[in-house]
Amino acid sequence: MPERIYVGTKPHHRDSAGENVRNRIASDLGIGTASSVRIARVYILNGAFSTSELIALANGPLSDPIIQDYSINGTFCTTFDWLVEVGFRPGVTDNAGRTAKEAVAVCLKRDDLDAVSVHTASQFFIQGKISKKLIERISRELLANELIQTIAIYSKQEWLGIHTRVFAAPIVTDTHAITPFVPIDLAVSDDALLSISKKGMLALTLDEMKIIANHFAAHGSDPARKACGLPASATNVELEILAQTWSEHCKHKIFAAHITYLEEGRSTQTISSLFKVYIQGTTETVRSMKGAADICLSVFKDNAGVVRFNDTWAIVFKCETHNSPSALDPYGGALTGIVGVNRDPFGTGMGCQLIANTDVFCFASPFYTDTIPPRILHPKRVFEGVREGVEHGGNKSGIPTINGTIVFDDRFLGKPLVHCGTLGLMPLVINGQKGYEKKALIGDRIVMVGGRIGKDGIHGATFSSEALHEGSPATAVQIGDPITQKRMTDFLLAARDKNLYSSITDNGAGGLSSSIGEMAQDTNGAIVHLDRAPLKYHGLEPWEIFVSEAQERMTLAVPPSSLNAFMALSREWNVESSDVGEFTNSGHLDIRYNEQVVAFLSMDFLHNGLPKMQLTARWTQPKDIHAGPLSSSDHNADLLGLLKRLNICSKEYVIRQYDHEVQGGSVVKPLVGVKNDGPSDAAVIRPILESFEGIAVSNGIIPRYSDIDTYAMASSSVDEAVRNAVAVGADPDYMAGLDNFCWCDPVPSAQNPDGEYKLAQLVRANQALYDLCINYGIPLISGKDSMKNDYHIGDTRISIPPSLLISVVGKVHDVRKSVTMDFKKADNIIYVVGTTYREIGASEYALMKGIADTSVPKVHEPSTSMKMYRAMHTAMQAALVRSCHDCSDGGLAVALAEMCFSGELGATIELSRIVNDGCTTNTELLFSESTSRFIVEVEPARAQAFESCLSGLPCAAIGTVTRQDAILVTGLTGEKTLSLSRIDAKIAWKSTLTF
């Protein structure tokens, strides 16, 4: 019988976690009759323990005696009406349980604890007049995710009548007999081939299944295969490996496709590969243009991009998405997203120190009130779960979260977008070799390091290559463990510095299948012994072991001469490492289980056997809609309304829960100003604390512009990321970018009839990215695409708006010259740099007012914008700029209000002085979202020098900073057009997200 230790807050102490749950029951579910909620953590210990040992554990590592009480094998709380107990389903990672087991071993110092298991659950003691039906709703919609957790509900009478309650779902051992492999007959009809793919969650098309079938028909009887004891048909292990390797998630088939692009009035265009032509092509062109000033060191050939920082160090940067798993389990999906992307820079080159995280989320409104379709969680729950997952992953890893944003659009109801990025610091030279290069060698041992393998994450790569549907698997969900990963990365940095391995990579999508399959390309072969891989529990089939994406794992190539030293260091750091095979030059991926070969795949067929997709893109120009001159009678109300909008309002609620100070390098923080609550344009950190050299990190993402034109969306996103970095002091000639495309399905089908148009949107976005990055001299160093961001169950289909996130890292030569966005001093001069166009289409103002207009913002003259960015940088280096803020969502009026209330100063502005093109009304000047614009504060004594820097560029002094509370704006004809208290503006801005 398992022993149970209950731990919770003392009765006379405030249970803040319980109060938060009670508040969310009322606010999120509209159930206001819960008068009290208290929470207890339950530790379930499977093993033999004396009473004294249980007391020692409860008094010691499992509770805080200052604020917590405990009980052993008896109820913790007797004041409740309903008790809900939530625990993990079998096979789901239980981080607290794993940590508790380590604590048990440290506390008791017994030699027989290896067989002991510790699992955890949470108990919610709820008081109030609530029916069982409502308790069930609270449990399902707020307290647990039934995909990964069990729920047990008891009335007070039911619970107190039982002296010892056995946990309903402890981890159990699967004792079924393991089948090394199952032959799969592929000489079947087309319908049968598709059925094999669908039932196996392989996400392979009919054409792809036929290619595999033809390969085995031609090579299944080869002598080498026969000698392995394999059938002529494919094994289930081989099909799983091919499905993972050929998945859209891993192979990027759409970006590699041959595309015929059709547009009325233009010649047909053929594109051999979006990636090669527009992404790789951008970087090759920019590098050629820059010559000796090229900062790229490693691009598009490793887990992350690498750029030179100075003569000693390099910066490593990668941003990933974890959309699909976050739709099913927001907490686990987002936690895995952040710890997973941590491993990408870490697995680049020979490894690096992780120095910063970024996060960019896209959600439906947390105040969504319409009916929620099946298998979709309420956006508020997704919001909270994702926020908490990234918080736990980043904070517990000791990595600061320095930059990000949140975008809201109800089309993200079907799938949220969860972008997680990580930066690393890498020595240019490690052990006498380039730190950003690596290569597995023939004869190197294949060593898996870190967490054990479980069912979590099986079919993650193929699941992420499809729309969310009723068959989306629970096994695709993973839960990361940042503590285990931190210990692993610390150990591997020590191993790196001792020169104990040749190559390293992440066990990401596809687990061992992807990591070993990719590394084996260095030598053209590998032998893998799956029975040597450590498992979380017994019962995994060989194919599950090989494709599981269970977290906290890296794969390394270790020279045989270094293996003993590597394993000894691993034991010293208490990190599990397993020798699972060797790299060969056999030309085959040879997978074995208990000496039985279960897969024998040609390396050439595995990586080169998939032909290009042949796709057609068809662009239809939207009909021009011009709403006519826009003129509002109440700009005060307009501005207050904009400041409350989800895409503009304060995100302080989220930012405050992330640690941006750990490691001590934060210079320009996510929140700035007099009270450190104003919205920073970008982050600046010092990666090396002994130096004043820094890096700026920024982002640009504007999916709503895609409703009119994805070319405008993409170019505006690039410009936003660049100007945000420039606004804090980054050198525009020392920048690099990452591209993350998240798209609705662009492949036509019966269920997706507008696929050709969506693909045309994708082509146009790539063209814009290419055009603007070349004009700005921004090399793209890494990126990711996610192409199936749709929900399709029954007759309901929800597709996200086409989205492109651009993340920029730029050099700040001296962080002491960094600039923040808050006004600094009364009587300083306010300038607007850049031209304001009449561009209201898809703006926050147009959406708020319901205005139909296709005048979407564009980057009109990229060469002029770049000259302006260089001039702004020159002015900042000369200390001529006191504050700088880019104009973006909500236009000039919103940016001005943010600068005023962040600096606790007022402003007097004359709109007639603004350099503009086509604006005929005050409303258009105030709320246009034209790109390439800043509001800049300059001291009067330095105004002439600043204007000299901007000579020949669009720049105008439009007013002054004042000591008053008021934001005063005079219109085109001298009339008062806006007069608003900055305090009222700030109250409005901070009033929306107050969970």
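Residues numbered from 1 in each chain as written. Predicted model: local features only at pLDDT ≥ 70, side-chain atom pairs only at ≥ 80, totals over all residues. Heavy atoms only, no water.

1. Side note on the pairing of strand 40 (residues 906–910)
- By the bridge criterion, four bridges tie strand 40 to strand 43 (residues 955–962) in an arrangement that is antiparallel. Each bridged residue has a counterpart across the sheet, and for isoleucine 909 the counterpart in strand 43 is glycine 959.
- Looking at chain direction, strand 40 and strand 44 (residues 966–970) are connected through four bridges and run parallel. When the bridges of strand 44 are listed, glutamate 910 appears paired with threonine 970. (Pairing = 2+ DSSP bridges. Helix = DSSP H or I, 4+ residues; strand = E, 2+ residues; numbered from the N terminus.)

2. Details of the packing of helix 25 (residues 755–776) against helix 27 (residues 862–877)
- Where helix 25 meets helix 27, the closest approach of the two axes is 9 Å, and the angle between their N-to-C directions is 40 degrees. Judged by the angle between their axes, helix 25 and helix 27 are oblique. Pair helix 25 / helix 27 crosses with right-handed handedness. Along its contact with helix 25, which presents Leu772, Asn775 and Tyr776, the element helix 27 presents Pro862, Ser863, Ser865, Met866 and Tyr869.
- Here the contact of helix 25 with helix 27 is composed, by residue class, of five nonpolar, three polar and no charged. (Axes fitted to C-alpha atoms, helices over the stretch in contact; angles between N-to-C directions. Parallel < 35°, antiparallel > 145°, perpendicular 65-115°, else oblique. Left-handed = near helix turned anticlockwise from the far one by under 90°. Contact = heavy atoms within 4.5 Å. Nonpolar A, V, L, I, M, F, W, Y, C, P; charged D, E, K, R; others polar.)

3. Concerning the nonpolar core
- In this structure, Leu643, Phe741, Phe823, Met872, Ile935, Val936 and Phe946 are the most contacted members of the largest nonpolar core, which totals 117 residues.
- Tallying contributions element by element places helix 25 first for this core, with 10 residues.
- Ignoring sequence-local partners within four residues, the contact set of phenylalanine 741 consists of Phe255, Ile279, Leu762, Ala765, Asn766, Leu769, Lys784, Asp785, Ser786, Met787, Ser803 and Leu804.
- Judged by nonpolar contacts, the second largest core, of 54 residues, contains Leu186, Leu530, Leu589 and Phe605. (Core = buried A, V, L, I, M, F, W, Y, C linked by side-chain atoms within 4.5 Å. Buried < 20%, exposed > 50% of the residue type's maximum accessible area, 1.4 Å probe, protein only.)

4. Looking at empty space enclosed by the protein
- All chains considered together, the criterion is met by eight cavities of 30 Å³ or more.
- Of all elements in the fold, only strand 15 (401–408), helix 23 (652–655), helix 24 (710–727), strand 39 (883–886) and helix 28 (891–903) reach the threshold of two or more residues within the lining of the largest cavity.
- Tallying contributions element by element places strand 15 first for the lining of the largest cavity, with seven residues.
- Class assignment for the residues of the lining of the largest cavity results in 19 nonpolar, 12 polar and 10 charged.
- Of the voids in this model, the second largest cavity is the one considered here, and its volume is about 90 Å³.
- Lining the second largest cavity are 13 residues, and of these Leu377, Val382, Phe412, Leu413 and Pro416 sit closest to its centre.
- Classifying every residue of the lining of the second largest cavity by side-chain character gives 11 nonpolar, one polar and one charged. (1 Å grid on protein atoms, 1.4 Å probe; cavity = no way out; pocket = protein on both sides within 12 Å on 5 of 7 lines; lining within 4 Å. Points joined across faces, edges and corners; volume = space filled by probe spheres on them.)

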